[in-house]
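Remarks on the overall topology
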Amino acid sequence: MMTDRERNKLAKLREIVKPYKALLFDVDGTLADNMHAHKAAYVATAKEYGIDLDANLIDETAGWPTVAVAEEISKRYHTPLDALEFASRKSAIFIEQHIQHTQPISFVRELLLENVGKKKIGIVSGGSRSTLQITLQVIDVHDKYEVLVCAGDTPEGKPSPAPFLLCAELLDVPPQDCIVFEDGDPGVQGAISAGMGWVRIDQL
C-alpha cells in the first residue's frame, strides 16, 4: 500500500508524463529501493582491498557503470585496482547478500505499470544486464518494458547521452518525446544532453 505522500507523488508524475510517448526508467534508486544495499556492497568490496570507502562517493557516481566507479575509487584512494575484478566481486556480494530483499519504489513502479500498452517503456541503467534482470524480476516488472539498455551497450555510460539516445532509437521514439526518471545527477545530465524531459524522483 502507498502512503498519502507517495500517492501525491504519483499524481504529480501522471500529469508530467501526459505529453510524452516514451518513459525511460533508471533502476537502482529509481524503480528499486536498493541504493543502501549497493553502497553496502561497495563498502564491503573496498574493505577486501584494504580501502575504508566513504559511501558518499556512491551517491556522487550514481548511474555510473560499476567498472567506472571502481576506477574512480582506485584514483581517489591512490590504490591500484583491477576494475573488472572489483566490479565482479561487488556484483557477487550484492547478489549473494542483498538482491532478493529488494523492494520497489512504489509510486515509480505504479507509474510504469499504469503505462504498459499506453506509452513505450525503456530501462536505462549503468548496471550489468545479469544483475538488472534479477532486480527487475524481484520487483516484478521484468516483462513490462520493451528495451533494456545497460552497462556496455554504449561506449560511454551516464552522464553521456548515449544510453538514452540508444534506448529512444530502439523504441523508435524521437528524443524530445521521451521523459527520463532518475535519482542522480549523472542520469539527469545525460537526459538533458539527449534533449529529453526528466524527473528526479527523489526531489518530487
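The following paragraphs examine the structure supplied in this document. The numbering scheme is per chain: residues are counted from 1 as the chain's sequence reads. For this predicted model, a pLDDT threshold of at least 70 governs which residues receive local features, and a threshold of 80 or more governs which side-chain atom pairs are given and counted, while totals over whole chains, interfaces and linings are taken from all residues. Hydrogens and water molecules were not included; the side-chain quantities draw on all heavy atoms of the structure.

Time to look at the overall build of the protein. Put simply, DSSP marks the helices as runs of H or I at least four residues long and the strands as runs of E at least two long, and each gets a number from the N terminus on. Of regular secondary structure, the protein possesses 9 helices and 7 strands. To get the radius of gyration, use the C-alpha atoms; to get the globule rule, take the number of residues to the power 0.38 and multiply by 2.2 Å. For 204 residues, the compact-globule formula gives about 17 Å, and the C-alpha radius of gyration of the protein, at 17 Å, lands near that figure. Seen along its three principal axes, the alpha-carbon backbone of the protein occupies a region of about 50 × 35 × 30 Å. Exposure is judged per residue with a 1.4 Å probe applied to protein chains only, and the accessible area is read against the type maximum: over 50% gives exposed, under 20% gives buried, and values in between give partly exposed. Within the protein, the fraction of its 204 residues that count as buried is 50%. When contacts within the protein are restricted to residue pairs at least 6 apart in sequence, long-range pairs at least 24 apart make up 68% of them. The criterion used for residue contact is that any of the two residues' heavy atoms lie within 4.5 Å.

Among the secondary structure elements, Thr-30 is positioned in the loop between strand S1 (22-25) and strand S2 (32-33). Of the residues examined, Thr-30 reaches a relative accessible area of 0% and is grouped as buried. Only 3.2 Å separates the side chain of Thr-30 from the side chain of Asp-183, close enough to count as a polar contact. Those residues in contact with Thr-30 that lie beyond four places of it in its chain are Ile-105, Val-108, Phe-181, Glu-182, Asp-183 and Ile-201. We call two N or O atoms a polar contact when they sit within 3.5 Å, provided that within protein one can donate a hydrogen and the other can accept it, with sequence-adjacent residues counted only if both atoms are side-chain atoms.

We call a set of buried residues a nonpolar core when its members are Ala, Val, Leu, Ile, Met, Phe, Trp, Tyr or Cys and they connect through side-chain atoms within 4.5 Å of each other. Core analysis: the biggest nonpolar cluster contains 27 residues, and Phe-25, Leu-31, Phe-107, Ile-123, Leu-136 and Phe-181 have the highest contact counts within it. Those elements giving two or more residues to this core turn out to be helix H1 (4-17), S1, helix H6 (106-114), strand S4 (120-124), helix H7 (129-138) and strand S6 (178-182). Ranked by residue count, the leading element in this core is H6, at 4 residues. Setting aside residues no more than four positions away along its own chain, Leu-136 makes contact with Val-27, Leu-31, Ile-123, Val-141, His-142 and Tyr-145.

S4 sits mainly inside the fold: 4 of its 5 residues count as buried. Pairing between strands is defined by DSSP: at least two bridges between them are needed. Of the pairings in the sheet, the one linking S1 to S4 comprises 4 bridges and is parallel in character. Counted as the bridge partner of Ala-22 is Lys-120 from S4. As paired strands, S4 and strand S5 (residues 147-149) are joined by 3 bridges and run parallel to one another. Opposite Ile-123, over in S5, you have Leu-148 as the bridge partner. Crossover S4 to S5 through H7 is right-handed. We call a crossover right-handed when, viewed with both strands directed away from the observer, the connection leading from the first strand over the helix to the second proceeds clockwise.

With that out of the way, let us pick up the sheet that holds S5. The sheet built from 5 strands is open, its strands ordered S5-S4-S1-S6-S7 with parallel pairing. Strands at the two margins of the open sheet, each flanked by one partner only, are S5 and strand S7 (197-200). The mean inter-strand angle of the sheet, taken between neighbouring strand axes irrespective of direction, is 20°. Sheet analysis places S1 next to S6, joined by 4 bridges and oriented parallel. The residue of S6 that forms the bridge with Phe-25 is Phe-181. Only the stretch in contact is used when fitting a helix axis, every axis being a line fitted to C-alpha atoms; angles between N-to-C directions are given from 0 to 180 degrees.

What follows is about H7. Along H7, the residues classified as buried are Thr-131, Leu-132, Thr-135 and Leu-136. Buried positions in H7, seen along its axis, are confined to an arc of 130° and lie on one side of it. Considering only its buried residues, H7 is in contact with S2, helix H5 (83-97), S4 and S5. After H7 finishes, the residue Asp-140 shows a positive phi value of roughly 65°. Summarising the geometry, the arc corresponds to the directions from the helix axis toward the C-beta atoms.

As a further point, take the pattern of salt bridges. Salt bridge, as applied in this entry: a Lys or Arg side-chain nitrogen positioned within 4 Å of an Asp or Glu carboxyl oxygen. Tallied over the full model, the rule gives 16 salt bridges. Across the pair Lys-21 and Asp-177 runs a salt bridge, and its minimum N-O distance is 3.7 Å. Pair noted here: Lys-21 is in the loop between H1 and S1 and Asp-177 is in the loop between helix H8 (162-171) and S6, with a separation of 156 residues, a long-range link. With a shortest N-O distance of 3.8 Å, Lys-144 and Asp-143 are connected by a salt bridge. In the salt-bridge network here, residues are joined through shared partners; they are Glu-60, Glu-72, Lys-75 and Arg-76.

The values reported here are purely geometric and, on their own, carry no functional implication.
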